[in-house]
Every structure is written in structure tokens, then in C-alpha cells.
Amino acid sequence: MRAFTYERAGDAAGAARAAARPGAKLIAGGTNLIDLMKLEIETPTHLVDVSRLPLAGIEPTPDGGLRIGAMATNTALAVHPQVRARYPVVAQAVLAGASGQLRNKATVGGNLLQRTRCGYFYDPAKPCNKREPGAGCAALEGFNRMHAILGASEACIATHPSDMAVGMTAVGGRVEPVDGEGRTRALPLSELHRLPGDTPQVETALAPGELITAVVLDPPPAGRQLYRKVRDRASYAFGLASVAVAGGQAALGAVAHRPWRATTAEAALAGGASPDEAAAAELAPAQGRGGNDFKIPLTRRLLAAALAGENA
Amino acid sequence: MQIRLTVNGEPRALEVDVRASLLDVLREGLALKGTKKGCDHGQCGACTVLVDGVRINSCLTLAVMHDGDAVTTIEGVGTPEALHPIQQAFLEQDAFQCGYCTPGQICSALGMLAEAAAGHPSHATADLLAPVELTEPEIRERMSGNLCRCSAYPQIVAAIRQAAEAA
Amino acid sequence: MADDANPIALNRAGLIGKPVDRLEGKLKVSGTADYAYEVMEKPGAAFGYLVGATIPRGKIAGVDISAAEAAPGVLLVWTHRNAPSQPAPGTQSQAGSQAPAQPELYDERIRFYGQTAALVVAESFEQAAAAARLVRIDYEADAGAAVVFDDMHAAARDTGGDEEAQKGDFDAAFASAPAVIDATWTTPVQNHCQMEPHASLCWWEGDQVYAFTSNQSVKRPQHALGETLGIDRNKVHLRARYIGGGFGGKNNSYADLTLSALAARELKRPVKIALTRQQMFHMTVHRPATVQRVRLAADRNGQLTGISHETISHCARADRFMERASAFTKNLYAAPNRRIGHKLALMDLPVAGAMRAPGEAVGMLALECAMDELAEQLGMDPVDLRILNEPDVDPTDGRPFSTRPLVRCLKEGAQAFGWDARIPTPRHTRDGRWWVGTGMAAAIRGNFLLPAKAQIHISAEGIVTVRQAMTDIGTGTYTILAQIAAETLGVPLEEVRIELGHSEWAPAPGSGGSFGAASAGSAAMDAGINLRSKLAALAVGDAASPLHGGDPAKAEFRDGNIVIGNQAEALGDLVRRASPQGVDAVGAVTPDPKGREYSQHTYGGHFCEVGVDAVTGEVRVRRMIGVFAAGRILNHKTARSQLTGGMIWGIGGALHEENHVDPRFGSFVAQDLAQYHVPAQADIAGLDAWFIDEVDDIANPLGIKGVGELGICGAGAAVANAVYNACGVRVRDYPITVEKVLAGLQALEG
């Protein structure tokens with residue numbers, strides 16, 4: 001791990017200011033950043049520790065949504081009575097990810113901003129456009145079983161590994177980043193993560209230093225909610241594919257560079273299509289790269305079953 | 001950097017490399033070797049400790065981020081002469097073989113039992129709103145962040161049940 | 001040895017078989033057992049960190065260590081250009097050497113991806129890790145470097161030797177049989193993934209080196225280090241007291257041992273080196289992938305007329321390790337016409353090596369599924385098919401079996417599992433979204449005995465201490481040696497101490513190949529018997545003993561006493577008075593040549609129920625039992641744990657474990673525990689295992705057999721057969737992951 005300096009942030013705007021400096025980075029739970037720093041995939045020269053900022057509250061909003069402080073741990077989110085009662089898809093998604101220990105440390109903001117688990121990204125000896133723009137993508141012609149089938153590019157076929165974000169994406173909402181001047185803006189969840197395009201190293205729409213202070217979920221859509229994840233182990237494994245359903249809304253996980261709101265399927269359903277038809281429509285543009293071809297039928301079946309209400 | 005920790009009830013002040021993980025500070029700085037380094041990347045659970053009573057992977061956190069925190073390691077759970085009931089249960093149920101993942105399993109089990117007692121649901125919980133019943137599937141899911149390559153998994157579940165029932 | 005002279009057979013105190021807790025257990029559950037990297041006997045260790053090569057074959061063209069050397073806290077940076085001179089690899093200059101020199105950083109050649117290319121030692125771990133990434137190495141890859149992984153047939157070559165076994169005319173039998181199976185199974189590269197990374201801590205005192213390491217044996221790394229350092233091996237004091245898992249991957253010693261010893265000598269202070277989890281995947285051995293063609297020929301009643309099992313496995317270009325996946329097929333089922341073969345495909349990959357049950361672990365994934373397919377073809381129950389083909393003598397060489405309770409295991413397992421309620425046609429039961437089905441497989445594993453010695457001591461306090469250059473890698477060696485010693489000497493278990501892992505002590509073969517308990521334990525019993533003779537002679541010759549003048553041949557040892565007739569004396573009293581410095585004895589076991597006249601194995605039967613998700617193809621084991629025969633059982637608690645642990649490895653091999661080779665780089669894709677999946681707690685449900693009663697008097701003086709590898713043998717095949725029975729999909733390419741099951745489900749759905 002490269003040497004760096006460290007400060008514990010006193011307030012959000014100050015943290016954003018400090019983190020906007022070249023080489024600086026925010027750290028909260030650290031469960032992904034430290035992992036990557038040990039491999040020198042992340043090499044910040046300055047860390048701004050925001051984990052103690054008073055941004056961990058979870059409370060209903062006046063319009064019936066839920067405001068989740070970005071420093072709330074994944075565990076705090078999953079066990080919150082409001083989340084369990086009104087956003088079970090979010091609780092289930094969180095609980096389907098990582099391990100108890102990791103969820104106790106990882107924060108809501110950090111979960112959203114975690115980086116891909118592509119094995120080539122994690123191996124500094126292999127070319128990766130995300131790690132080293134222009135170096136090439138080893139996954140394109142390599143072992144790409146875990147990789148994206150939707151929205152990928154010739155520069156990158158990595159996936160976003162979060163479960164939590166998939167649950168939240170199905171519900172919809174916004175994140176609230178604050179900048180160094182203390183200005184907070186509202187960024188729709190659906191616009192937070194980018195597709196890779198030619199710049200897979202740019203993963204979010206956040207400006208340098210911007211600190212997510214909260215996620216504000218929309219009021220829960222009417223109807224049932226469920227989260228279903230397919231993985232190689234029964235627990236403690238990243239997803240091969242996942243689906244979140246909240247009423248007439250759905251999102252897919254582990255299939256793209258960002259949590260994938262299944263708007264095509266939603267529209268098809270609303271137009272009277274069957275779950276099978278809706279799922280097929282969503283996956284119509286999907287493209288495999290060999291090792292991940294199976295994810296197309298897998299995700300289609302998973303989505304169709306979830307839309308049809310099959311679970312457990 | 002100078003930090004203060006309360007480790008197993010004892011206040012400790014020490015100088016640490018800002019890069020040092022809590023795990024390495026416990027093992028190398030404080031000579032508490034019971035906490036193990038299995039993967040150093042949060043993928044095995046051998047380094048599990050309790051921070052303010054909550055189980056975490058000590059490998060994936062910087063010691064400087066814990067200035068002021070209270071840490072419980074396996075050495076604070078019990079000693080060979082005075083085993084904690086869960087350590088005794090691990091011994092009786094043969095819930096380990098090589099022993100390397102064991103301190104992490106035990107610390108994780110303590111944290112897990114507290115989580116269950118606080119009503120936390122898990123991936124294995126069918127009804128998120130119902131009280132938690134610590135069935136075998138629940139224990140298995142909640143302990144899945146602790147790999148055991150010797151594969152003492154059934155015995156670990158038995159030990160945790162034994163300790164939970166005795167408590 | 002007659003039973004009445006064999007204290008283990010006699011089992012007077014009932015300690016043999018007793019499920020006692022692990023002797024070292026309190027240390028392990030309290031975190032006070034010190035593994036190599038944690039030893040604090042000599043404080044002030046510097047921290048070493050290795051750098052691995054990033055080409056599969058070639059040479060180091062240039063190095064620049066200036067930045068690393070200038071980094072804070074750095075004490076030493078070595079590449080092949082400035083590392084100390086060492087003997088050539090393979091050097092065995094000392095008489096009786098059990099292992100050759102293992103030099104590191106000795107030339108510019110890179111022989112496999114991940115090979116150690118540099119070492120950095122610094123004052124702290126953080127400094128060493130950071131400086132290691134400042135070492136600049138330029139590589140020149142050989143143009144010819146090649147990994148032909150997608151077609152092992154193309155690279156396969158005969159190696160000769162005893163890997164081949166022919167009997168009768170297999171081709172004719174196969175051509176004329178009314179029922180045949182001819183299919184190919186593949187198994188992937190697997191990694192040991194011991195929880196404790198390979199690690200060593202060394203320091204020097206004068207010309208003597210103290211080397212704490214994580215190794216499955218004691219003498220081999222001691223000898224290797226002596227050869228490498230060019231010093232008399234008796235100056236190498238090797239310690240391996242606690243080992244955080246081995247499974248075959250710590251049979252060898254690696255760069256951590258060689259370089260920590262060399263760096264400690266250079267720096268005149270202790271140096272410790274642990275491999276990172278990522279480094280373990282390339283720097284240590286792995287189980288090679290296999291391609292296995294199995295052909296079965298049977299008559300209409302299911303009697304096998306021919307059996308053939310041919311395996312190709314790969315290994316590093318300069319190595320000859322072979323995954324002998326077909327070997328057990330020589331011994332398992334009767335058939336007059338047989339062909340067994342192995343071939344090697346040499347590739348520019350890291351060195352392959354033994355991993356838990358080398359051969360059987362992956363070989364049974366093929367043969368035992370072929371048997372399932374044959375049973376289906378014939379409309380027979382798979383248990384009945386196996387029983388029908390049970391041989392009376394070894395089907396290949398005609399030797400008698402030392403014991404052969406396979407059928408008992410199968411019958412008892414079938415009954416306990418409720419096998420007779422099984423529906424043989426696939427896709428018969430749905431439980432919600434799950435197809436549910438069952439499968440079974442037999443288990444067989446070769447049994448071995450190696451020469452070993454043991455030393456034993458009884459103190460004036462009556463404490464019995466056994467010392468051996470032996471290891472306990474989690475198998476229970478400490479515990480079973482204590483049971484053997486206590487039973488032999490007739491003393492309470494609490495008065496026995498077992499000290500292992502010191503190279504100065506009596507040599508034992510270490511832990512591997514399931515030979516540990518039999519070899520080390522037989523020597524310990526012999527030492528105990530020799531100590532009894534000494535104590536008896538002492539007592540009858542001591543005028544102050546109540547046993548004075550008695551017949552030493554009639555001495556019995558029980559309840560802490562030596563007893564002749566109706567006279568008794570506490571052992572402690574005798575020793576304290578007659579030999580206050582204590583009494584020592586040694587013992588040994590040498591394999592009886594007669595043992596080779598028998599075909600020796602352990603056996604078992606696995607029965608498994610799985611669920612297969614009808615939508616996604618996910619497979620989850622719902623319950624599984626194994627019934628095994630492994631001779632006399634020394635400790636039903638620790639032995640059962642070996643079996644269930646092995647069965648879980650079998651589940652992992654069937655469903656999870658796989659490393660992919662990226663032929664473009666000559667490297668493995670998975671380099672951590674998030675990518676390489678070993679089973680997690682949630683994957684294991686409803687598992688149970690037990691032993692049937694038996695004793696194998698041929699195997700060794702204890703009548704026991706090894707249990708460390710038996711559980712894995714066949715376990716995965718039972719899972720695979722259950723997958724087929726559940727959902728109708730046969731996957732012959734392991735592991736049985738979602739994409740393979742899903743493709744089958746889609747095909748069935750039309």
C-alpha cells in the first residue's frame with residue numbers, strides 16, 4: 001500500500017473540499033477501498049475519513065419516501081424497521097450481499113460506489129482500461145463468465161457488483177451529493193452510475209470530491225417486492241445475476257456496468273405483455289462474450305419468474 | 001500516527017503506520033496473534049474481531065480509523081484456563097481442525113448471536129418482520145462469512161447451537 | 001502381534017475409539033496456538049515480502065531495485081542478481097537426504113507465472129509490501145511459451161512407468177458387450193486454499209538456524225533447507241508445531257522458507273515471510289485439470305466384462321507430477337478385461353502437486369458417474385450394480401484384500417438414507433422451485449504405512465511424553481497419539497503430553513496420503529511397549545518395589561500402575577524412586593513386507609439429496625450421509641470430522657471449485673477467495689458420517705487405516721448423480737455450475 005496522509009473529516013463540506021484535492025479520496029467503511037489499496041489498484045495520497053460524520057440516520061420523508069444517511073452501515077439499513085416493512089426488496093438485497101462482518105462495516109454510500117470485481121481489474125499484471133485507460137481489456141477475449149451482457153462496450157465489460165443498489169434501483173430515488181462549498185444537489189439514482197463507453201474509468205456522475213450524504217428512496221411502489229440473486233455459492237459470493245422487483249418496477253444486477261433498471265420490461269408489462277414476454281424484451285439487446293452467454297437466458301428466466309411472482 | 005484503543009478492556013496507546021490494518025496492529029503491534037490473517041481482503045473471515053461489540057473483518061479497516069474504539073479479540077473472549085462457553089462448545093463439538101479460522105469463527109459467532117438477539121434478519125429469514133428464530137439454516141447463513149477449509153461447518157453449527165442453548 | 005499383547009486391541013481403559021476432545025484444542029479455541037508467522041520466542045523479526053513473475057516462461061531481462069532500496073524501512077532487496085549463491089536445484093549432497101535443495105532467486109530464468117522474482121525485507125509489513133511494488137523487473141517472454149489448455153489431448157504424451165495396467169482384452173469385451181458406457185469427464189484446476197498462508201520465520205544462532213514453518217512434515221523441509229543453505233541438516237532446527245491446513249499443498253517448502261533463512265542470515269535478525277493469498281495460487285502447487293475417458297462394458301444383467309479409465313492431466317514443463325485419477329479403478333470393481341492409463345500434458349503452468357486424495361478425488365467423479373449411467377441404461381439400482389460387481393480379490397492383480405467391507409458400507413448407507421424409496425427416473429419430485437433428487441457413489445482410497453520412529457519418556461511425576469518429528473495439520477495427530485500412549489501405558493489421558501513438530505525428535509513421515517496416524521501411531525505404540533518393558537524390568541529389579549522379583553512378562557499397566565499378579569505400584573512412585581531422571585524408550589514401525597501381499601484400501605458409500613432450481617439451474621445439497629470403513633477408529637470425534645470435512649470437499653469439487661487458466665498469460669484467473677469458491681457454511685446442510693466396525697490387522701500394528709482423504713472420494717459423484725436424478729441433466733464437465741445445468745434444463749424443455 002502506497003503511503004498517504006489521513007484526516008478524520010469534521011463536516012461534510014470540509015470532507016468534500018479535502019477530497020477534491022488531487023490524489024485525495026474519501027473513505028467510509030473501507031471494505032472495498034482498502035482491499036484495492038492493498039493491491040495498489042487504488043493509490044490515494046490522502047484519505048479523508050468520513051465514517052464518523054453524523055450522516056447515518058434513516059428516517060421517513062414527508063412525501064412517504066425514506067431518507068438513508070450515506071454513513072448508515074449496510075446492516076443498519078437492512079435491519080431498520082422502516083426498510084423491512086416498507087422496502088423489503090432493499091433489505092433482502094442488502095442481506096444477499098457480502099457477509100455479516102462486511103455489512104457491519106460497509107456503508108450505504110460506499111456500497112453504491114464500490115468498484116467492479118472483474119478478475120482482470122483485480123490483477124494489476126493484466127491489461128485493464130478501467131485501471132489504466134488505454135491498456136486494453138483482458139476480459140473481452142478472456143475469462144468473462146461474470147461479465148456484462150447489457151450496456152457493455154469494447155473498452156470494458158465489467159459489472160457493478162452491488163446487490164443493495166439493485167434493490168434501490170427497482171424502487172427509484174436519488175442520491176444527495178454535497179460539494180466543497182456545502183451545496184447539495186439531487187442526482188437520480190438512475191443517473192449515478194455510468195455505462196463504460198470509452199471511459200470505463202469514470203464510473204459515476206459525481207464530481208471530484210463530491211460526497212454522497214444520503215440516498216432518498218421514492219415512496220414504495222404499490223405491489224409486492226422481492227429480490228432474487230443467483231450465485232455460485234449459497235452465500236458469500238458475488239451474483240451471476242439478480243433481479244429486484246418493486247410493484248411494477250424491476251431492476252437487474254450483475255449484468256451491466258451499473259444496476260440495470262428494467263424499463264423495457266416494465267413498459268411491456270404495463271402494456272399487457274406476459275412476464276416471459278417482458279423479460280424477453282428486456283434481454284433482447286443483451287450480448288454475450290462467450291463465457292457469459294449463459295447469463296442471457298439465466299437473466300431472462302430469472303426476471304420472468306420474478307415478474308410472475310415466483311420466489312423462494 | 002498515535003492512536004488509542006481499548007483492547008480486551010485494556011486501554012492502549014500506540015504509534016501506528018497510517019497504512020496498517022487493524023489486523024496487523026493487533027497481531028504485530030500488540031502481539032495479539034490470536035486474530036488470524038487468512039486472505040487480508042475480507043474474503044475469509046479469519047480476522048474477525050468485535051469493535052464496540054460488532055463483528056467486522058479487521059483486515060479491511062485501518063487502525064487509525066479506530067482511534068477511540070473498543071476492540072475485543074479472541075484473547076478477550078476466554079483463555080485456555082478459563083474458556084468462554086462458546087470456546088468450550090467449539091472444543092466439545094470438534095468445531096475446528098487446523099484451528100486457523102477458529103478465533104475468527106468464535107468472534108463471529110459472538111457477534112452473530114448478538115445480532116440475532118437484537119432481532120436482525122438474514123438472507124435465510126423468510127419473514128423480515130417476524131422474530132428471529134436461530135434455526136440451523138439461519139446459523140449457516142449468518143456464519144457464511146467465515147470460511148473453514150478443513151470444513152468443520154456442521155460441527156461449528158452444533159457448537160453455536162450448544163452455546164446458544166446454554167446461554 | 002497377538003491381541004493380548006497389543007494394548008490397542010486390548011483397549012483396557014477404553015481410550016481407543018473414545019471421542020475425546022482435541023489435546024491442543026484449548027489453545028486453538030483461545031487463539032494461543034502459535035502458527036509459524038506468530039512465533040515470538042525471538043522478538044524483532046523483520047518482514048519479508050515476495051514479488052512474483054508475470055510471465056509464464058522466459059527470462060528476467062532487467063531489474064531496477066533502486067527505488068525499493070531507497071524506500072523507508074527497507075533492509076534488503078534481492079533479485080537473482082544479488083541474492084546469495086545457493087546450490088543448484090535438486091542438489092542432494094548429504095547422505096540420506098529426503099529432500100533436495102530448493103534455491104530461490106538463483107538465475108534469470110522464469111519457469112512459471114508467479115515464480116518468485118524478488119524479495120524485499122523491511123522493518124514493518126507495510127513498508128515491505130509498499131517497497132515490493134517498487135521493484136522494477138523487465139521480462140523477456142520466450143516466444144515458444146504455450147499453454148494448450150483447451151485441448152489437453154493434443155499435448156498429452158505417454159510417460160511409461162506403472163501408470164498403465166492392462167488385463168485381458170478390453171477392446172474385444174467392449175466391442176461385444178450389450179451394454180456400454182463411453183464418455184469423457186473433465187475436472188478443472190483446483191487450489192488447496194489452506195486458511196493459513198504458507199509462512200516461515202527464521203533466525204540464526206551462530207551457525208545454527210531455527211526455522212518455524214507451515215509444512216505438513218518436519219524432516220523434509222529440514223533436509224531441504226540444509227541442502228539449500230549448504231549446511232549440515234542437523235544445524236537446521238525446523239519447527240512445525242501448528243499448521244493451518246495442508247491438504248497436500250504444504251508437502252513442499254516454498255520460497256518463504258528458503259528466503260527467510262537466507263535473509264535472516266544476512267540481516268542477523270529474525271525474518272519472517274508469508275505468501276499473500278494472491279501469491280498462493282501460483283507460487284504453490286495446485287491440483288491439475290484432468291480429462292478422463294471412462295468406458296464400461298457389461299452383460300445384460302449388469303456384470304461388468306470390461307472397464308477402462310484413461311486420464312490426461314497437465315503439469316509444468318520441467319515436472320512430472322501426475323494426477324493418477326484412474327489408479328483406483330484397478331481395485332474397485334470386478335471385470336476380466338481392463339485398461340487403465342495415464343498421460344501427461346506438459347504446459348508452461350505452475351507446478352502441479354498432490355491435493356487431498358490425489359487421484360481418487362477427481363477420478364471417482366468420472367467412474368462413479370459412469371456406473372450411475374450404466375445402472376440407468378440397464379434399469380438397475382446403482383447400489384445393486386455395485387454389489388453385483390464386487391470382487392473377491394483385487395480385480396487387477398489377484399491379491400487378497402486386507403479387508404473389504406464396501407458392500408456393508410453401501411447397504412448400511414442405503415438403509416440409513418432411505419434409498420429404497422428412491423425413484424430412479426429423473427425429474428420426479430418438485431419442492432417449490434426445486435427439482436429434488438438423490439444419488440449415491442462408492443468410496444475407495446488406498447491405504448499406506450511409512451516407516452516412523454517415536455521417542456517416549458516418563459517422568460518422576462508419572463507424566464508420559466511422546467516426542468516425534470511429526471505434524472498435526474488439523475487431522476488430530478496430537479490427540480490420537482495421546483490416546484495410544486495413554487492406553488499403552490495404562491495412564492490417564494491427562495498425564496500424557498505430545499510434542500510434535502521438532503526436527504530433532506524421532507523421525508516420522510509427516511501428514512499426507514492418509515498415512516500419518518498409522519505410521520506415527522504405530523511407532524508411538526511400539527515406543528510405549530518398549531517403555532513398558534523397561535519399567536517392568538525396573539520394578540522387578542528394584543528391591544523397594546512391591547513388584548520386586550516378579551515376572552516382568554506378566555506385568556500389566558493400568559490405572560497409572562504397573563501390576564504383576566496382585567501386586568501394584570504407581571508408575572510415578574516407581575520412576576521417582578528407581579529412576580528419578582525418568583525413563584526413556586524409543587519405538588519404530590517398519591512396513592511389514594507381508595502387507596504388500598494384500599490390496600489395502602478404505603471404503604465407503606455416499607448418499608446425497610440435492611435440489612436443482614428449475615429456473616436458474618442452481619444446485620444445493622439438501623442432505624448427505626456417508627458410511628465408511630477405515631479399520632479400527634482411534635477417536636470417533638476427530639475421525640468423523642475428517643470424513644465430514646472430506647465430504648464437504650467432495651461437494652465443493654462437484655459444485656464450486658475451479659480455477660480457470662488464461663492461456664494468454666499462462667496464469668490462473670482466480671487469485672483470491674472471492675473468485676476461487678470453496679464451500680461456505682450455507683452450502684452445507686444435513687451432513688452426517690459414521691464408521692462401521694472393523695479392524696484391519698494387515699494394515700499396521702494398530703489395525704487402523706487412514707481417514708483424512710476417504711471422505712472426499714466419491715462424494716462429488718454422489719452429488720452429480722443426484723443432480724441428474726433431480727433434473728435430468730448430466731454434467732460431465734466439473735464443477736456443475738449454473739450455466740451447465742441451465743443449458744441442460746433448456747434442452748429438456750425443448
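Cut-off values and rules
- Residues numbered from 1 in each chain as written.
- Chains lettered and ligands numbered in written order.
- Predicted model: local features only at pLDDT ≥ 70, side-chain atom pairs only at ≥ 80, totals over all residues.
- Heavy atoms only, no water.
- Helix = DSSP H or I, 4+ residues; strand = E, 2+ residues; numbered from the N terminus.
- Rg over C-alpha atoms; globule rule 2.2 N^0.38 Å.
- Buried < 20%, exposed > 50% of the residue type's maximum accessible area, 1.4 Å probe, protein only.
- Contact = heavy atoms within 4.5 Å.
- Areas by Shrake-Rupley, 256 points an atom, 1.4 Å probe, with all protein chains shown as cover.
- Lys, Arg positive; Asp, Glu negative; His and termini not counted.
- Charge placed at Lys NZ, Arg CZ, Asp CG, Glu CD.
- Expected span 1.5 Å × (residues − 1).
- Polar contact = N/O pair within 3.5 Å; in protein donor to acceptor, adjacent residues only side chain to side chain.
- Pairing = 2+ DSSP bridges.
- Core = buried A, V, L, I, M, F, W, Y, C linked by side-chain atoms within 4.5 Å.
- Domains from an automatic or database assignment.
- Buried area = accessible area lost by both parts, 1.4 Å probe.
- Salt bridge = Lys/Arg side-chain N within 4 Å of Asp/Glu carboxyl O.
- Nonpolar A, V, L, I, M, F, W, Y, C, P; charged D, E, K, R; others polar.

Peer 1: Would you mind going over the overall build of chain A in detail, with residue names and values included?
Peer 2: Secondary structure assignment for chain A yields 12 helices and 12 strands. Taken over the C-alpha trace, chain A has a radius of gyration of 19 Å; the compact-globule value for 312 residues is 20 Å, and the two agree within 12%. Overall size of chain A, expressed as C-alpha extent along the three principal axes, is 55 × 50 × 30 Å. In chain A, buried positions account for 64% of the 312 residues. Within chain A, residue pairs in contact and separated by at least 24 positions form 63% of the contacts whose partners lie at least 6 positions apart. Accessible surface, chain A: about 10200 Å² in total, of which carbon and sulfur atoms supply 52%. If the 33 positive side-chain charges of chain A are averaged to one point and the 28 negative ones to another, these points end up 5 Å apart.

Peer 1: Outline helix 16 (residues 636-655) of chain C, supporting the account with residue identities and numerical values.
Peer 2: For helix 16 of chain C, spanning 20 residues, the distance from its first C-alpha to its last is 28 Å, which sits close to the expected 28 Å at 1.5 Å a residue. The backbone nitrogen of lysine 637 of chain C has a side-chain oxygen 2.8 Å away, supplied by the residue at the start of helix 16 of chain C, namely asparagine 635 of chain C.

Peer 1: Go over the pairing of strand 4 (residues 54-57) of chain B, please, and point to the residues and values.
Peer 2: Residue and element names in this part refer to chain B. Note: strand 3 (residues 48-51) against strand 4, 4 bridges, orientation antiparallel. Bridge pairing in strand 4 links threonine 48 to asparagine 57. What sits between strand 3 and strand 4 in their antiparallel hairpin is a turn of 2 residues, with aspartate 52 showing a positive phi close to 50°.

Peer 1: Lay out the environment of arginine 231 of chain A with the relevant residues and their values.
Peer 2: Assignment of secondary structure puts arginine 231 of chain A in strand 9 (residues 225-231). In this structure arginine 231 of chain A comes out as buried when scored by relative accessible area, which is 3%. Here arginine 231 of chain A is in contact with Ala96, Tyr236, Ala237, Phe238, Gly239 and Leu240 of chain A, His123 of chain B together with Glu618 and Arg620 of chain C, once residues within four sequence places are set aside. At 2.8 Å, the side chain of arginine 231 of chain A forms a polar contact with the backbone oxygen of alanine 96 of chain A.

Peer 1: Go over the nonpolar core with me, naming the residues and quoting the values.
Peer 2: Ranked by size, the top nonpolar core spans 217 residues in total, and within it Leu296, Leu535, Val610, Met624 and Val719 of chain C carry the most contacts. The element that contributes the greatest number of residues to this core is helix 14 (residues 516-540) of chain C, accounting for 12 residues. Those residues in contact with leucine 535 of chain C that sit more than four places away from it in its chain are Ile458, Leu489, Phe557, Ile562, Leu571, Leu574, Val575 and Val583 of chain C. Of all hydrophobic cores here, the second largest spans 50 residues; its members include Ala15, Ala91, Ala244 and Ala251 of chain A.

Peer 1: Any details on the domain arrangement of chain C? Residues and values, ideally.
Peer 2: Residues and elements named next belong to chain C. Taken domain by domain, chain C consists of domain 1 (36-143 + 195-283), domain 2 (359-447 + 596-748) and domain 3 (450-590). Relative placement of domain 2 and domain 3: their C-alpha centres are 39 Å apart. Taken together, the 13 residues of domain 2 in the interface contact 14 residues of domain 3. Across the domain 2/domain 3 interface, buried area totals approximately 1100 Å², and carbon plus sulfur atoms make up 61% of it. Contact with domain 3 buries area across many residues of domain 2, yet Leu634, Pro701 and Leu702 alone supply 40% of it, more than any other trio. If you look at where domain 2 meets domain 3, you find 0 salt bridges. Between the two partners, domain 2 and domain 3, sit 3 residue pairs in polar contact (both at pLDDT 80 or more). Of the residues in the side of domain 2 that touches domain 3, the class split is 5 nonpolar, 6 polar and 2 charged.

Peer 1: So what's going on with the interface of chain C and chain A? Residues and values would help.
Peer 2: Contacts between the two partners involve 38 residues from chain C, matched on the other side by 37 residues from chain A. When the two sides are added together, the surface that chain C and chain A hide from each other amounts to roughly 3000 Å², 54% of it contributed by carbon and sulfur. Among the ionic pairs, arginine 228 of chain A bridges to glutamate 618 of chain C, the shortest N-O distance being 3.1 Å. Taken together, chain C and chain A are joined by 18 residue pairs in polar contact (both at pLDDT 80 or more). Element by element, the count of residues in the side of chain C that touches chain A is highest for helix 18 (residues 738-749) of chain C, at 6 residues. The residue inventory of the side of chain C that touches chain A, partitioned by class, reads 16 nonpolar, 11 polar and 11 charged.

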